[in-house]
Amino acid sequence: MKIEILGMGCPKCKKTTQNAQQAVEELGIDAEIIKVEELEKITEYGVMMTPALVIDGEVKVAGKIPSKQDIMNWIEEKK
Amino acid sequence: MGECCGNIKTRLIYSCSGCVDVGEIADKVARKLTIEGYGKMTCLASISAGISGTIASAKSADENVTVDGCSVACARKTLENIGVKPAESYTLTEMWLEKGKTTVSEEIIDVVSQQIKQGIVSEAQSKKEQGNNKNTGCSCGSC
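This one's a predicted model, so the numbers in the text were calculated from it and none came from an experiment.

Draft legend 1. Quick look at the overall build of chain A. Within chain A one finds 3 helices and 4 strands. Along chain A, from the amino end to the carboxyl end, the secondary structure elements read β-α-β-α-β-β-α. When each of the 79 residues of chain A is scored for burial, the buried share is 46%. At a minimum sequence separation of 6, the contacts of chain A that also span at least 24 residues come to 62%. If you sum the accessible surface of chain A, you get close to 4,000 Å²; carbon and sulfur atoms cover 44% of it.

Spelled out as structure tokens, the structure:
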């Protein structure tokens, strides 16, 4: 599974990354977490606000920090 | 792209950008509103195409504003189809423009943009909205 965190490196983006890491650890799954900070790549996803979280190419949230539980739910849906 | 770390209110604007005169005006109004800082125009087609990033942005925005040329209201309905109710919806033919009879001009684009920024809705549109909220009365249309 590939989880991407879209954002320019602000505190909200860091918190989103942290929540994603905790969600992956808690579920004990094999997932790659990638931070995407290049504006060009971020806009390719069509997001208008960051932070955004993408799981296997699908944007799950934009403009908000998702909770660890939200991320765990999205991962479970993708399994 | 819109805001990142700040706590600035996010207002996204969608226009129908339809092929007739009022659709073109709706498109240009949305672009003008973006330039003037009222909000940020977003691709309506991207929503229709099911692009997850644009849909997620619409769902997270503080406010979504639709500008439709005519009463078919493609922009508003496109958002409603993804479960998003726009905070404000403007339909140019319900304001004061006539479909198929309006010359696209800078003056008209300026006036409509100003009216949207001021939240002005035409008397006809207000009456229609009030009518939609009524649960009583007959349906003759003249009461």
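Alright, that's what it looks like, and here's the rest.
Draft legend 2. The arrangement of the packing of aromatic side chains in detail. Taken as a whole and judged by the stated rule, the model has 0 aromatic pairs over all chains. Positioned above the aromatic ring of B:Tyr38 is the side chain of B:Arg11, whose terminal nitrogen or guanidinium carbon lies 4.0 Å from the ring centre.

Draft legend 3. Local environment of the interface of chain B and chain A. The interface is formed by 20 residues belonging to chain B together with 19 residues belonging to chain A. Here chain B and chain A share an interface that buries about 1,400 Å² over both sides, 65% of which is from carbon and sulfur atoms. Inspection of the region where chain B meets chain A yields 0 salt bridges. The tally of links between chain B and chain A comes to 5 residue pairs in polar contact (both at pLDDT 80 or more). Among the secondary structure elements, those contributing two or more residues to the side of chain B that touches chain A are strand E2 (40-41) and helix H3 (52-60) of chain B. Counting residues per element, the side of chain B that touches chain A draws most heavily on H3(B), which supplies 6 residues. Of the residues assigned to the side of chain B that touches chain A, the class counts are 8 nonpolar, 10 polar and 2 charged.

Draft legend 4. A look at the packing of helix H1 (residues 11-27) of chain A against helix H3 (residues 68-78) of chain A. Residues and elements named next belong to chain A. Viewed as axis vectors pointing N to C, H1 and H3 meet at an angle of 55°, and their least axial separation amounts to 8 Å. When the axes of H1 and H3 are compared, the pair comes out oblique. Considering the relative orientation of H1 and H3, their crossing is right-handed. Only Lys68, Ile71, Met72, Ile75 and Glu76 of H3 make contact with H1, whose side of the interface consists of Thr16, Asn19, Ala20, Gln22, Ala23, Val24, Glu26 and Leu27. Considering only residue class, the contact of H1 with H3 consists of 7 nonpolar, 3 polar and 3 charged.

Draft legend 5. Seen up close, the nonpolar core. Counting 20 residues, the largest nonpolar core has B:Ile25, B:Val29, B:Leu92, B:Leu97, B:Val112 and B:Ile116 as its most contacted members. For this core, the secondary structure elements donating two or more residues are helix H1 (21-35), strand E3 (63-68), helix H5 (92-95) and helix H6 (106-117) of chain B. Ranked by residue count, the leading element in this core is H1(B), at 6 residues. Counting 14 residues, the second-largest nonpolar core is a separate cluster that includes A:Ile3, A:Ile5, A:Ala20 and A:Val61.

Scoring rules and cut-offs
- Residues numbered from 1 in each chain as written.
- Chains lettered and ligands numbered in written order.
- Predicted model: local features only at pLDDT ≥ 70, side-chain atom pairs only at ≥ 80, totals over all residues.
- Heavy atoms only, no water.
- Helix = DSSP H or I, 4+ residues; strand = E, 2+ residues; numbered from the N terminus.
- Buried < 20%, exposed > 50% of the residue type's maximum accessible area, 1.4 Å probe, protein only.
- Contact = heavy atoms within 4.5 Å.
- Areas by Shrake-Rupley, 256 points an atom, 1.4 Å probe, with all protein chains shown as cover.
- Phe/Tyr/Trp six-rings, centres within 6.5 Å; stacked < 30°, edge-to-face > 60°.
- Lys NZ or Arg CZ within 6 Å of the ring centre and 35° of its normal.
- Buried area = accessible area lost by both parts, 1.4 Å probe.
- Salt bridge = Lys/Arg side-chain N within 4 Å of Asp/Glu carboxyl O.
- Polar contact = N/O pair within 3.5 Å; in protein donor to acceptor, adjacent residues only side chain to side chain.
- Nonpolar A, V, L, I, M, F, W, Y, C, P; charged D, E, K, R; others polar.
- Axes fitted to C-alpha atoms, helices over the stretch in contact; angles between N-to-C directions.
- Parallel < 35°, antiparallel > 145°, perpendicular 65-115°, else oblique.
- Left-handed = near helix turned anticlockwise from the far one by under 90°.
- Core = buried A, V, L, I, M, F, W, Y, C linked by side-chain atoms within 4.5 Å.

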